[in-house]
Each structure stands twice: as C-alpha cells, then as structure tokens.
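Residues per chain are reported as follows:
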Amino acid sequence: MMSKKRILLAEDEEHLLEAIKLNLELEGYKVSTATNGKKALQIFKEERFNLIILDVMMPEVDGFVVAETIRLENSEVPIMFLTAKNTNEDKIAGLKKGADDYLTKPFNLEELILRVNNLVKRSLKGEDLKEFNSYKIGEKTIHFNSFELVNGDGSITPLTKKETMLLKLLIERRNEAVSREQILETVWNYDVYPSTRTIDNFILTFRKYFEPDPKNPVYFHSIRGVGYKFTDSQH
C-alpha cells in the first residue's frame, strides 16, 4: 500500500489552518500543522514532507526565514507561500527565498488544491529521478551520483553539481523542449537568476563533451524562444 503524501502546513490564522487541513485530508494527504515559524522548523527537522505550505506573516519566525532555513537543508521539497500581500516585489522576494509557488489571500480552496497536487506530483517526479543513476551518450557514460563523466577511453571528466542537475533534467525529458523557466525551477531553485547566456554556456559545454561535431549538434539543441532539448534516438 502506498504511504500517504505528507504536507507541512504553517499558518497562524487557526480558522484558515483548519479549513486548509480538512480539505487537504479529504484529498488523501497527511497534514502536520504549525501556527508559528519556530514550530514549523521543528516539525520539518523531525519528519519528511512532499510539500511545505507557509504563511509569510507568522509569529516567532516569518515564512521567508523558514523557507530560507529549509532550503539550506533541502533544495528539493516544493515550498508554497500563502500571503495577504499582492505586490510583485513580494512575489519576487518569495521566489528568491526558494519558493515554487505563491498564493495570495483570500484564495479559492479549489485553486489551492490544484496547485498542491501539481507541486506534489513534481516532488514525486524528483524522487524518481534519484533512482536514475547513470546514462550513456555515445561512448560516454554520465554517473549522476558521483558527478563524473566516464569517457570512451576510461578517463574521467568531473562534472559540477549544476551540470549534473541540468543533464539529468534534459535527459529525463529527452526529445521534449524544456523551458528556461523549468530549468530555473529545477536546477537553480530561484537562488539566482541566471541569464539565458548562462544556460547557453552549459549547453555549449555539453556539446564539447558529447557531440562528434559541436557546431552541428545531434544531442543538445537550443530551441529559440522556448528553451532547450536533448535528443537521443538510441533510448
């Protein structure tokens, strides 16, 4: 039997907390709750979650600080902010703290559930990726766990963590265009905002590593106005 998906919900308005908790439980989620940021961090350290939902304005420790603290320990778990503030500055601040989504109060519970389902689905896909330990392109094999590229002659090229994460994302979505936004969410976690040129440079590096002729790529493609695509007819 599959275990229930777990959500940590931190919200200091108790009526809203109970309403959200009830609706999430009706959807089949197991919900742990906190009414302040300090308690939220304590619960986070004790259990493992598929999603964190944080109110921004909380006593003790605010939601932004909770998110930053969680991101220091876990870059994978999706985080959603709930807030009464509706300015772009606040949204950008939230995304920079590592949030994956942002819902402004008052909100429709049905919309909250839809967003929660999407974020949890994404977190589960991320778990599947962890089982995906190596991949062969031509004569070269990428080892995701050790951040290494083993060349055809047995020599090893070390890979950076970001290179490995981007390779994993593109390979997992092979033969599909992956948007720049998806790359930002998955690889950079909104820690920084790399320019298109930054991601282009990664693609150029991959072409040097894998393409027989880097100027005429068969594996790593830039899709103008959309993002990037890894093509592999062998898999």
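Values in this document were obtained by computation on a predicted structure and should not be read as measured data.

(A) The arrangement of the overall build of the protein chain in detail. The helix and strand inventory of the protein chain stands at eight helices and 12 strands. Relative to its 235 residues, the protein chain shows a buried fraction of 45%. Only carbon and sulfur atoms are counted for the fraction: they give 50% of the accessible area of the protein chain, which is about 12600 Å².

(B) Local environment of the pairing of strand β4 (residues 79-83). Among the five residues in β4, five count as buried, and that is most of the element. Residues Ile-79, Phe-81 and Thr-83 line one face of β4 and the alternating positions Met-80 and Leu-82 line the opposite face, and both faces are buried. With four bridges connecting them, strand β3 (residues 51-55) and β4 associate as parallel partners. Each bridged residue has a counterpart across the sheet, and for Asp-55 the counterpart in β4 is Leu-82. In terms of handedness, the path from β3 via helix α3 (residues 63-73) over to β4 forms a crossover that is right-handed. Across four bridges, the pairing between β4 and strand β5 (residues 101-104) is parallel. Residue pairing across strands places Phe-81 opposite Tyr-102, the latter belonging to β5.

(C) Just the pairing of strand β2 (residues 30-34), in detail. The pairing of strand β1 (residues 6-10) with β2 spans five bridges and is parallel. Looking across to β2, one finds that Arg-6 is bridged to Lys-30. Considered for its hand, the β-α-β crossover made up of β1, helix α1 (residues 14-26) and β2 is right-handed.

(D) Region of interest: helix α2 (residues 37-46). If you check which residues of α2 are buried, you get Gly-37, Ala-40, Leu-41, Ile-43 and Phe-44. Taken around the axis of α2, the buried residues stretch over an arc of 165°, which confines them to a single face. In this structure, α2 carries Lys-38, Lys-45 and Glu-46 as exposed residues pointing more than 90 degrees from its buried face. The backbone nitrogen of Lys-38 has a side-chain oxygen 3.0 Å away, supplied by the residue at the start of α2, namely Asn-36.

Calculation criteria
Residues numbered from 1 in each chain as written. Predicted model: local features only at pLDDT ≥ 70, side-chain atom pairs only at ≥ 80, totals over all residues. Heavy atoms only, no water. Helix = DSSP H or I, 4+ residues; strand = E, 2+ residues; numbered from the N terminus. Buried < 20%, exposed > 50% of the residue type's maximum accessible area, 1.4 Å probe, protein only. Areas by Shrake-Rupley, 256 points an atom, 1.4 Å probe, with all protein chains shown as cover. Pairing = 2+ DSSP bridges. Right-handed = clockwise from strand over helix to strand, strands pointing away. Arc of directions from axis to C-beta. Polar contact = N/O pair within 3.5 Å; in protein donor to acceptor, adjacent residues only side chain to side chain.

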